[in-house]
Amino acid sequence: MTEQDVSEYRKSLATRVSGFDVPRPVKTFEDCGFSVEMMKAISGQAYEKTTSIQCQAFPIVLSGRDIIGIAKTGSGKTAAFVLPMIVHIMDQPELEKEEGPIGVICAPTRELAHQIYLEAKKFSKSNGIRVSAVYGGMSKLEQFKELKAGCEIVVATPGRLIDLLKMKALTMSRATYLVLDEADRMFDLGFEPQIRSIVGLIMPDRQTLLFILFVLT
Ligand code: AMP
């Protein structure tokens, strides 16, 4: 695509971008270079076309860049960070005992954390990736045991994640992919101190993705 094509294509996606040397948007899942297993999982979910946020977010995140994504509920934003996270994990050495997770997703509410967990499960199973969800209102002991058994992806509300870190149910020594979903809401709900301490535990060479919900008022 020429620069002109790219700009018209972005317009047709109703997407605006800013930043240095932003990668060009893709048009299809085939453009993303996903593995055969991943493509099978995608077609198994009957996802035919990449959504607008995915067209632009996939090439950015798959190239290892950080991103601030702004999208509406129902825009496919969860898959926009979950699919590249699976690619990222598959590129890392396997977890040893007592290591993990590699991907950490923080969300403001347990409902959202559970939704993200379900979306991640759709694509992780066929790749042998384990996903755990940890949030308040559920047994801490059960969550402790599940994390101790090992997992590549943790989806968590910030308070519960801190509690489990203090209990040494998991470590951040291998975490290299961090997603803050509905980050604006987490800050509105007063989770900033917890977010800061979680971010402080993760290696600075991590990839960081921050998603903000776009609401039409
Ligand atoms: P989200 O905006 O992440 O809450 O996603 C909304 C819904 O769209 C979820 O049920 C996803 O499973 C689904 N979804 C995500 N990406 C696609 C896609 N490319 N094609 C069809 N459905 C999708």
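Everything numeric in this text was worked out from a predicted model, so none of it was measured. (Residues numbered from 1 in each chain as written. Predicted model: local features only at pLDDT ≥ 70, side-chain atom pairs only at ≥ 80, totals over all residues. Heavy atoms only, no water.)

**Let's talk about the environment of Ala113**
Here Ala113 is to be found in helix α5 (residues 110-124). Expressed as a C-alpha distance, the spacing of Ala113 and Asp181, which sit 68 residues apart in the sequence, is 9.1 Å. If we skip the residues at most four places from it in the chain, Ala113 touches Ala107, Tyr135 and Val155. (Helix = DSSP H or I, 4+ residues; strand = E, 2+ residues; numbered from the N terminus. Contact = heavy atoms within 4.5 Å.)

**Concerning the pattern of salt bridges**
Taken as a whole and assessed by the stated rule, the structure comprises 11 salt bridges. Across the pair Arg174 and Glu99 runs a salt bridge, and its minimum N-O distance is 2.8 Å. Here the residue Arg174 occupies a position in the loop between α7 (158-166) and β5 (177-180), and Glu99 occupies one in the loop between α4 (77-90) and β2 (103-106), the gap between them amounting to 75 residues. Using a relative accessible area of 26% as the deciding quantity, one classes Glu99 as partly exposed. A salt bridge links Glu182 to Arg185; the shortest N-O distance between them is 2.4 Å. (Salt bridge = Lys/Arg side-chain N within 4 Å of Asp/Glu carboxyl O. Buried < 20%, exposed > 50% of the residue type's maximum accessible area, 1.4 Å probe, protein only.)

**Points about the pairing of strand β3 (residues 131-134)**
Judged by which residues are buried, β3 turns out to be covered on both faces: Val131 and Ala133 on one side and Ser132 and Val134 on the other are all buried. Sheet analysis places β3 next to strand β4 (residues 153-156), joined by four bridges and oriented parallel. Counterpart to Val131 in the pairing with β4 is Ile153. A crossover links β3 with its parallel partner β4, the connecting element being helix α6 (residues 140-148), and its sense is right-handed. (Pairing = 2+ DSSP bridges. Right-handed = clockwise from strand over helix to strand, strands pointing away.)

**Notes on unusual backbone geometry**
In this structure, Pro101 follows Gly100 across a cis peptide bond, with omega equal to 5°. Relative to the helices and strands, Pro101 is located in the loop between α4 and β2. Not every positive phi belongs to a glycine, and Ala14 is a case in point at roughly 55°. With respect to the secondary-structure elements, Ala14 resides in the loop between α1 (3-12) and α2 (36-44). Located in the positive-phi region is Ala46, a residue other than glycine, with phi close to 60°. Tracing the backbone through its elements, the reader meets Ala46 in the loop between α2 and α3 (52-62).

**What to know about the nonpolar core**
Counting 43 residues, the largest nonpolar core has Phe81, Leu83 and Ile153 as its most contacted members. Of all the elements, α4 adds the most residues to this core, at eight residues. Here Leu83 is in contact with Phe29, Phe34, Met38, Ile42, Phe58 and Phe123, once residues within four sequence places are set aside. (Core = buried A, V, L, I, M, F, W, Y, C linked by side-chain atoms within 4.5 Å.)

**Points about the site of the ligand**
By nearness alone, every residue bordering the ligand is listed as Phe29, Tyr47, Lys49, Thr51, Gln54, Gly74, Ser75, Gly76, Lys77, Thr78, Glu119 and Lys122. Gly74 has a polar backbone atom sitting 2.9 Å from an oxygen atom of the ligand. Here an oxygen atom of the ligand sits 2.9 Å away from a polar atom, N or O, in the main chain of Ser75. Counting only elements with at least two residues in the shell around the ligand, the list comes to α4 and α5. (Near = heavy atom within 4 Å. Polar contact = N/O pair within 3.5 Å; in protein donor to acceptor, adjacent residues only side chain to side chain.)

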